[in-house]
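Chain by chain, the residues:
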Amino acid sequence: MNRRSTFLLAVFVVLIYFSLIVFMLRPLQSGRSYYGNMGINHLGLREIRVSWCKDLKWRSPPSSHVVALVSYPGSGNTWLRYLLQQVTGIMTGSIYMDYGLRMHGFPGENVTDGSVLVVKTHEAPPLEVDKFKSAILLIRNPRDAILADFNRLHKGHIGTAPKSAFKRKSHEQKKSEWSTYVFSQLAVWELLHQQWLTKFLGPVHVVFYELLVRDTRNTLIGILSFLNHTVSEEDMHCAVANREGIYKRKKKYKNFEPFSPEMYSAINKVRHRVLHMITEFNNKHRNITLHTVHSGKNYTLHYRRIP
């Protein structure tokens, strides 16, 4: 290959590289495109467009009160961010930079200040000193959360790990990688919730993923009350009507049980310990509760001190 050909090849590679960078950094098109439609972007690649109830915007003016949206990975953090963006029209942030999320509905990735409604994190406190003034703690059954994150590690946000991944032997050769992963992540799951319930000094609002699924509307109302944010009935109706989002695993194995009785025993013990922590946390902070009142078409927040 002569020098000219080498130069042209290098130029081509550089152009492709920077085109991909621009593509990843380009914010998602705002506007009310139809949910689930496949559009063609400027590189000729297909992309999923999200149907927003209203155009997304930054919080203006930015708040000095930064709220953490905390969860163990696989607990529905992305879905809750999606719901909050739907109902408020305000972007949510993250301490991470996930280019896939940034391209498909979350332009606030890697934004951690008061210009976003909440900031996603999977980290235990303390993070930066006084970084967060309050926190929403999203908790999912560790069985489902650990399985969801295992799937994410193998196949991304909406894929499912192949069955072979659950049988692959670890370096110890005595246990599978899956078994080792479950027991190690159970400790991580417990520690994360323990730290936020006992070490974080600001107010914490506990949200159970299962309740968010079962009663999305009222769970959202409670979260918005905690955030002291008012929305209209129209906003709430639209968010609930478009509740599913695009990050949902389509494929689930039938007649396949990846958890052993030993795993279930450990999961139940850890889960009950954390539920006990939550009970103690609620008892300790029972002098103040949030009381939501539905007045007209707006959801408003009232603080009520229990005698």
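Residues numbered from 1 in each chain as written. Predicted model: local features only at pLDDT ≥ 70, side-chain atom pairs only at ≥ 80, totals over all residues. Heavy atoms only, no water.

With respect to the packing of aromatic side chains
Aromatic ring pairs are reported here in terms of the distance separating the ring centres and the angle at which the planes meet.
For step 1, the next point in the chain: As enumerated under the stated definition, the model contains 8 aromatic pairs in all.
For step 2, the next point in the chain: Consider the rings of W79 and Y209, whose centres lie 6.0 Å apart with planes at 70°: the pair is edge-to-face. Separated by 130 residues along the polypeptide, W79 in helix α2 (residues 77-88) and Y209 in helix α6 (residues 209-214) bring together distant segments of the chain.
For step 3, the next point in the chain: Exposure remark for W79: the relative accessible area of 13% places this residue in the buried category.
For step 4, the next point in the chain: Judged by centre distance (4.9 Å) and plane angle (50°), the ring pair of W196 and F200 falls under tilted. (Phe/Tyr/Trp six-rings, centres within 6.5 Å; stacked < 30°, edge-to-face > 60°. Helix = DSSP H or I, 4+ residues; strand = E, 2+ residues; numbered from the N terminus. Buried < 20%, exposed > 50% of the residue type's maximum accessible area, 1.4 Å probe, protein only.)

Quick word on the sheet that holds strand β6 (residues 134-139)
For step 1, the next point in the chain: If you trace the 5 strands from one edge of the open sheet to the other, you get β4-β5-β3-β6-β7, paired in parallel fashion. In this open sheet, the two strands that pair with only one neighbour each are β4 (93-94) and β7 (204-208).
For step 2, the next point in the chain: Pairing between strand β3 (residues 67-71) and strand β5 (residues 119-121): 3 bridges, direction parallel. When the sheet's bridge partners are listed, A68 is paired in β5 with V119.
For step 3, the next point in the chain: Across the sheet, helix α5 (residues 177-198) touches β3, β5, β6 and β7, and the angle it forms with β6 is around 150°. (Pairing = 2+ DSSP bridges. Contact = heavy atoms within 4.5 Å. Axes fitted to C-alpha atoms, helices over the stretch in contact; angles between N-to-C directions.)

What about the side chain of H193?
For step 1, the next point in the chain: Within the element layout of this structure, H193 appears in helix α5.
For step 2, the next point in the chain: Among all residues touching H193, those that are not within four sequence positions of it are Y72, L137, L138, I139 and V274.

Here we look at the environment of Q195
For step 1, the next point in the chain: Checked against the element boundaries, Q195 lands in helix α5.
For step 2, the next point in the chain: When near neighbours in sequence (up to four residues on either side) are disregarded, Q195 contacts A124, P125 and F200.

Remarks on the state of the cysteines
For step 1, the next point in the chain: Following the criterion strictly, the structure yields 1 disulfide and no others.
For step 2, the next point in the chain: The disulfide that involves C53 links it to C238, with 2.1 Å between the sulfurs. In this structure, the disulfide formed by C53 and C238 twists by about -100° around the S-S bond and is classed as left-handed. Linking C53 in the loop between β2 (46-48) and β3 with C238 in helix α8 (residues 233-241), this pair joins segments that are 185 residues apart in sequence.
For step 3, the next point in the chain: Under the relative-accessibility criterion, C238 is labelled partly exposed at 21%. (Disulfide = S-S within 2.5 Å.)

Observations concerning the pattern of salt bridges
For step 1, the next point in the chain: Counted by the stated rule, this structure contains 6 salt bridges.
For step 2, the next point in the chain: Among the salt bridges present, the one from K54 reaches D235, with a minimum N-O distance of 3.0 Å. Here K54, found in the loop between β2 and β3, pairs with D235, found in helix α8; they are 181 residues apart in sequence, far enough to count as distant.
For step 3, the next point in the chain: We classify K54 as partly exposed; its relative accessible area is 23%.
For step 4, the next point in the chain: On the accessibility criterion, D235 (15% relative accessible area) is buried.
For step 5, the next point in the chain: For the salt bridge of E190 with R273, the shortest nitrogen-to-oxygen distance reads 2.7 Å. With E190 in helix α5 and R273 in helix α9 (residues 261-284), this residue pair connects regions lying 83 residues apart in the sequence.
For step 6, the next point in the chain: Through salt bridges with shared partners, a single network forms among R143, D144 and E257. (Salt bridge = Lys/Arg side-chain N within 4 Å of Asp/Glu carboxyl O.)

Points about the environment of H285
For step 1, the next point in the chain: Tracing the backbone shows H285 in the loop between α9 and β8 (288-295).
For step 2, the next point in the chain: Of the residues examined, H285 reaches a relative accessible area of 37% and is grouped as partly exposed.
For step 3, the next point in the chain: Each C-alpha atom, one on H285 and one on P203, is 9.1 Å from the other, the two residues being 82 residues apart in sequence.

Points about the pairing of β3
For step 1, the next point in the chain: Most of β3 sits inside the fold, with 5 of its 5 residues counted as buried.
For step 2, the next point in the chain: Alternating positions in β3 separate into two faces, V67, L69 and S71 on one and A68 and V70 on the other, with burial throughout.
For step 3, the next point in the chain: With 5 bridges joining them, β3 and β6 adopt parallel strand pairing. By the bridge assignment for β6, S71 is matched with L138.

Details of the pairing of β6
For step 1, the next point in the chain: The element β6 is largely enclosed, with a buried count of 6 among its 6 residues.
For step 2, the next point in the chain: Along β6, one buried face is formed by S134, I136 and L138 and the opposite face, lined by A135, L137 and I139, is buried too.
For step 3, the next point in the chain: As defined by bridge partners, β6 adjoins β7 across 5 bridges and the pair is classed as parallel. For A135, the partnering residue across the bridge sits in β7 and is V204.

Purely geometric stuff here, so don't read any function into it on its own.
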